[in-house]
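# Coordinate inspection notes
Spelled out from the first residue to the last, the chains are:
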Amino acid sequence: MNSSSLRDRQAQGLFFTWSAQGSTRGMEVVDAKGAQFQLADGRWVWDLESQVYNVNAGHQHPHIKARMIEQINTLPACAPNAVLEIRATLGELLSKKTGLTKSFLTCGGSEAVENAIKIARLVTGRSKVLARRHSYHGASLAVLGVSGDPRRAPFERDLQESYLIDDPFPHPPTAAGAPSAWLASFDALLERVGADSVAAVLLEGFTGTNGMQEPPADFWPGVRARCDAHGIMLIDDEIFSGFGRTGRWFAAEHWGVRPDMMTVGKGLTSGYAPLAGVVVNEPIASHFEDHKLWCGLTHYAHPVSCAAAVGSIEAIEADGLVPLAAQVGAALRSGLEEMAARYPGVVRVLGRGMMLGVVLDRPAAALVEQGWARDLYIPSREDTVFICPPLCLGREGAGEILSRVDAAMTAAGLDVAAAQ
Ligand SMILES: Cc1ncc(COP(=O)(O)O)c(C=O)c1O
C-alpha cells in the first residue's frame, strides 16, 4: 500500500488532532530509534518534538518494551482497585522521585490536572484556581477554562471564570527591591479575588509551547510563601517539563520549591502507553484516610501503562538521561545562542535542558520547512520553534542537529532581518 492511500484510509475513519482535517497530511511513520524516526519513503528524521514532547527515554527502548511485554504476559487487564506488583512498584517510584507521598493515576494529562483541582477543592473546601496567562494545562473543558492558552477561544462563552496571573516577557524592569511584574500581578489577583477563596495555584514547572519563559527569580519562592500564608495548594504541573526534560527530574527543582501536588504525564511512560497522574504530599494523602476520595476512572492505573511507566523511569535512571539532558541541552543552547548572534532574524533563545525555544522576528514556517528539507522535524508556534528532542540524543546527535539548523536558518533567509 502506498503512503497516500494509507493516509486517505486513516483520514476516512479517524480525526487528526488540533487541525482542519482537509489540510492535514499526517506523516507515515514506519520505524523509530533513539532520537530519530523513519518515514515510509525510507528517510530518517531527527525528532525535535519527541513525538508530543513525551518520548523522553527515546524511541524503541528495549527495557520499556520488555517491561510492557512482561506485564501483558502476566496480566494485561485488571480492576482499578486490584492490588498488583506493578502498581505498588510505580507508586513507590513516583513517591521517591517526586519527594511527595501518594499518586492518583489517570489516562492523560488533562485528567490529571482535573483531578488535582478536584483534590484541592475537596481538601480546602474552596473553589478558585489561579494560573498564569501564558500556560497550558490540558484540553478538557474544565482545564481549558483555567489557563489563558488560545485553545480555549472557541469555547470561551461557556467556560468557568478564570483567574490569570499576568506574566509579561521579557521581564519589564522593576525598581530595586520591588517584586517582579509576575509576583506583583499574583499579589494583586489574590487581593482582588480574596485569598481565602482560593483552592489552588496551578503553574507549569517550566512553560511549554506558551513561550518557555524563564520566570523571575522571586516568582516561585514568592508564590510558595503566599500559598503557605493563606492555606492555598500549590500545584506544579510537570506534565511537559518532568522526567528529565529540563535537566532535572522535575523543573520546579530549579527554583528550590516543593509543591503540595505535582501533575505528571507525557515522559512518565515516554509515550509507550497512556498514563498521567497527580502526586500529593503527606497532609493531603492523610486527609483521604477518613474522607472519601471522589475520584475514579475505568482505566485507573492500567497494568500495561504502569509497566511502561516503571520501565521508562528505570530507563531514564539507568541511562543517566537526566544529567545527559542537562549537559547536551547546554551544548545545544550555546550552539543556538551562537547562531542568534550571527543571524539577525533570530531574536532570542529560551529554555533549559532539552526544552529549548528559538524566537524569530517572523513566522516560523519557513525555518520549519527548511528544517524538514534537512530531515529535521521542528515543532513551532507563531514566531517560535521548539527544540525538544528525546533526552538520549547525546553530543554527536546535538552536533548533527545544530549544523542542520544552521543550514536551515541560512536557507530560510534569517541572515537578513525581517522588513519592519
Ligand atoms: C503542562 C501541560 N499540562 C497538561 C497537558 C495536557 O496533557 P494531555 O494532552 O495528556 O491531556 C499538557 C499537554 O501538552 C501540558 O503540556
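Model, not experiment: these values are computed from the prediction. As a convention, each chain's residues are numbered from 1 in the sequence order in which they are written. Local features in this predicted model are restricted to residues of pLDDT 70 or higher, and side-chain atom pairs are both shown and tallied only at a pLDDT of 80 or more, whereas totals for entire chains, interfaces and linings draw on every residue. Based on all heavy atoms of the structure, the side-chain values leave hydrogens and waters out of the count.

Attention now goes to the sheet that holds strand E13 (residues 376-377). Pairing between the strands of a sheet is mediated by backbone hydrogen bonds and can be parallel or antiparallel. Strands pair, by our definition, only if DSSP identifies at least two bridges between them. By the criteria applied, helices consist of DSSP H or I runs no shorter than four residues and strands consist of E runs no shorter than two, each listed in order from the N terminus. The sheet built from four strands is open, its strands ordered E1-E2-E3-E13 with mixed pairing. Two strands close off the open sheet at either side, each with one partner strand: strand E1 (29-33) and E13. In terms of strand pairing, E1 meets strand E2 (residues 36-39) through four bridges, oriented antiparallel. When the sheet's bridge partners are listed, Ala-32 is paired in E2 with Phe-37. On the sheet, helix H13 (residues 394-411) packs against strand E3 (44-47) and E13 and is oriented at approximately 95° with respect to E3. Should any heavy atoms of two residues lie within 4.5 Å, those residues are counted as being in contact. Axis definition: a line fitted to C-alpha atoms, over the contacting stretch in the case of helices. Angles run 0 to 180 degrees between N-to-C directions.

Turning our attention to the pairing of E3. Alignment of E2 against E3, held across three bridges, turns out to be antiparallel. Bridging from a neighbouring strand, Phe-37 pairs with Val-45 of E3. Between E2 and E3, which follow one another and run antiparallel, lie four residues, and Gly-42 among them has a positive phi close to 95°.

Once that is clear, we can look at the side chain of Gln-38. On the secondary structure map, Gln-38 appears in strand E2. Throughout this description, buried means an accessible area under 20% of the type-specific maximum (1.4 Å probe, protein chains only), exposed means over 50%, and partly exposed covers the range between. A relative accessible area of 17% means that Gln-38 is categorised as buried. If we ignore the near neighbours within four places in the chain, the residues touching Gln-38 are Glu-28, Val-29, Val-30, Asp-31, Ala-32, Arg-43 and Trp-44.

This next bit is on the pairing of strand E7 (residues 198-204). Most of E7 is tucked away, with seven of its seven residues classed as buried. Relative to strand E8 (residues 233-237), E7 runs parallel, the two sharing five bridges. Looking across to E8, one finds that Leu-203 is bridged to Asp-236. Handedness rule for crossovers: strands pointing away from the viewer, path from the first strand over the helix to the second running clockwise, crossover right-handed. Of the crossover connections in this fold, the one passing from E7 over helix H8 (residues 219-230) to the parallel E8 is right-handed.

On to the packing of helix H12 (residues 365-372) against H13. Between two packed helices, both the angle of their axes relative to each other and the distance between the axes serve to describe the pair. Taken N-terminus to C-terminus, the directions of H12 and H13 make an angle of 130°; their axes are 8 Å apart at the nearest point. Taken together, the axes of H12 and H13 are oblique relative to one another. In this structure, H12 crosses over H13, and the sense of that crossing is right-handed. Where H12 abuts H13, its residues Leu-367, Gln-370 and Gly-371 lie against Ala-408, Met-409 and Ala-411. The classification used treats Ala, Val, Leu, Ile, Met, Phe, Trp, Tyr, Cys and Pro as nonpolar, Asp, Glu, Lys and Arg as charged, and all other residues, Gly among them, as polar. Considered class by class, the residues forming the contact of H12 with H13 number four nonpolar, two polar and no charged. When describing relative orientation, an angle under 35 degrees is termed roughly parallel and one over 145 degrees roughly antiparallel, while 65 to 115 degrees is termed roughly perpendicular and anything else oblique. Left-handed describes a crossing whose near helix is turned anticlockwise from the far helix through less than a right angle; right-handed describes the clockwise counterpart.

Glancing now at the pattern of salt bridges. The rule for a salt bridge is simple: a side-chain nitrogen of Lys or Arg has to be within 4 Å of a carboxyl oxygen of Asp or Glu. Taken as a whole, this structure holds 21 salt bridges when the rule is applied. Two residues, Glu-317 and Lys-97, come together in a salt bridge whose shortest N-O distance is 2.2 Å. Linking Glu-317 in helix H10 (residues 303-318) with Lys-97 in helix H4 (residues 85-98), this pair joins segments that are 220 residues apart in sequence. The partly exposed category is assigned to Glu-317, whose relative accessible area is 41%. Owing to a relative accessible area of 17%, Lys-97 belongs among the buried residues under this scheme. Of the charged contacts, one joins Arg-404 and Glu-400 as a salt bridge, the two residues approaching to 2.9 Å between their closest N and O atoms. Of this pair, Arg-404 and Glu-400 both sit in helix H13, four residues apart, which is roughly one turn of the helix. Residues joined in a network through salt bridges with shared partners are Arg-43, Asp-375, Glu-400 and Arg-404.

Coordinates in, geometry out; function isn't part of it.
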